[in-house]
Amino acid sequence: GDSVTQMEGPVTLSEEAFLTINCTYTATGYPSLFWYVQYPGEGLQLLLKATKADDKGSNKGFEATYRKETTSFHLEKGSVQVSDSAVYFCALSPRSGYSTLTFGKGTMLLVSP
Amino acid sequence: DAGVTQSPTHLIKTRGQQVTLRCSPKSGHDTVSWYQQALGQGPQFIFQYYEEEERQRGNFPDRFSGHQFPNYSSELNVNALLLGDSALYLCASSLGTASDTQYFGPGTRLTVL
């Protein structure tokens, strides 16, 4: 079945550092790919998405590119802020049929001043 | 424009009891999906409701059941609660079952003692 693998955390960075969180997936066909963010005590917020190969999703300085050849969707940000501290989830959804999300286990990001 | 709302925020039950969680979808959305998020894990898909019927189900036992009302709101029922049912239960809404973008509510934190 479909699955998502994320790098384990926590990822600890200083403010203004470069961020990369790795995500790879296994799926039948070509799924849509997502990054969701969860702040402490809250639900999930959609951060960005990409629906086909070579698409780049971007939002709030975060970017991720859909790489079909490596089945990856790594999240990047050039300069993190303390307010970016949260748990980040990579997820996929099949392009056909019922749209249900399969999530990775999440990666906690801690940014210090 | 109201987003996805869930009630209650927190709930404490004892083993063997039954619980009902409620969800109101984002305005204009007609599809509701439920996810279980255990502590430190990514959300896992429970089931999806559209046109008042269960359309897709994840790997959860029959103790988990649901309902969707004509106004698109939904309930999640769990019978014979186990300690392992302690989790954050997330509701997500979308427009149609094939929409790849789901919007999440803040969740209901269920603790089973």
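Our structure's up above, just so we're on the same page.
First, a word on what this report is: a plain description of the structure on this page. (Residues numbered from 1 in each chain as written. Chains lettered and ligands numbered in written order. Predicted model: local features only at pLDDT ≥ 70, side-chain atom pairs only at ≥ 80, totals over all residues. Heavy atoms only, no water.)

1. Section: the overall build of chain B
Then, in step 1: When helices and strands are tallied, chain B shows 0 helices and 11 strands.
Then, in step 2: Walking chain B from its N terminus toward its C terminus, one meets helices and strands in the order β-β-β-β-β-β-β-β-β-β-β.
Then, in step 3: Expected size for 113 residues packed as a compact globule is a radius of gyration near 13 Å; at 13 Å, chain B falls within 12% of this value.
Then, in step 4: Seen along its three principal axes, the alpha-carbon backbone of chain B occupies a region of about 35 × 25 × 25 Å.
Then, in step 5: A total of 113 residues make up chain B; the buried ones form 50% of that total.
Then, in step 6: Accessible surface for chain B amounts to roughly 5,300 Å². Of this, 49% is attributable to carbon and sulfur atoms.
Then, in step 7: A gap of 12 Å separates the mean positions of the 8 positive and 10 negative side-chain charges of chain B. (Helix = DSSP H or I, 4+ residues; strand = E, 2+ residues; numbered from the N terminus. Rg over C-alpha atoms; globule rule 2.2 N^0.38 Å. Buried < 20%, exposed > 50% of the residue type's maximum accessible area, 1.4 Å probe, protein only. Areas by Shrake-Rupley, 256 points an atom, 1.4 Å probe, with all protein chains shown as cover. Lys, Arg positive; Asp, Glu negative; His and termini not counted. Charge placed at Lys NZ, Arg CZ, Asp CG, Glu CD.)

2. Some details on the state of the cysteines
Then, in step 1: The full count for this structure, using the stated rule, is 2 disulfides over all chains.
Then, in step 2: Residue pairing for C23 of chain A: its cysteine sulfur links by disulfide to C90 of chain A, the two sulfurs lying 2.0 Å apart. A torsion of -70° about the S-S bond marks the disulfide between C23 of chain A and C90 of chain A as left-handed. Residue C23 of chain A is found in strand β4 (residues 23-26), and its partner C90 of chain A is found in strand β10 (residues 86-93); the two are separated by 67 residues along the sequence.
Then, in step 3: Given the relative accessible area of 1%, C23 of chain A is considered buried.
Then, in step 4: Among the residues examined, C90 of chain A registers a relative accessible area of 1% and is labelled buried.
Then, in step 5: At a sulfur-sulfur separation of 1.8 Å, the disulfide partner of C23 of chain B is C91 of chain B. (Disulfide = S-S within 2.5 Å.)

3. Examining the interface of chain A and chain B
Then, in step 1: With 20 residues of chain A in contact, the opposing surface of chain B contributes 21 residues.
Then, in step 2: Approximately 1,600 Å² of surface area, both sides summed, lies buried where chain A meets chain B, with 52% of it carried by carbon and sulfur atoms.
Then, in step 3: Put simply, chain A and chain B have 4 residue pairs in polar contact (both at pLDDT 80 or more) between them.
Then, in step 4: At the level of elements, β5 (32-38), β6 (44-50) and β10 of chain A are the ones that each hand at least two residues to the side of chain A that touches chain B.
Then, in step 5: Residue contributions to the side of chain A that touches chain B peak at 4 residues, all from β5 of chain A.
Then, in step 6: The residue makeup of the side of chain A that touches chain B, split by class, is 8 nonpolar, 9 polar and 3 charged. (Contact = heavy atoms within 4.5 Å. Buried area = accessible area lost by both parts, 1.4 Å probe. Polar contact = N/O pair within 3.5 Å; in protein donor to acceptor, adjacent residues only side chain to side chain. Nonpolar A, V, L, I, M, F, W, Y, C, P; charged D, E, K, R; others polar.)

4. Some thoughts on the sheet that holds strand β8 (residues 62-65) of chain A
All names here are of chain A.
Then, in step 1: If you walk across this open sheet you meet the 4 strands as β3-β9-β8-β7, and the pairing is antiparallel. What marks the edges here is a single partner per strand, and that holds for β3 (19-21) and β7 (56-59). This sheet shows a mean twist of 15° between the axes of neighbouring strands, independent of strand direction. (Pairing = 2+ DSSP bridges. Axes fitted to C-alpha atoms, helices over the stretch in contact; angles between N-to-C directions.)

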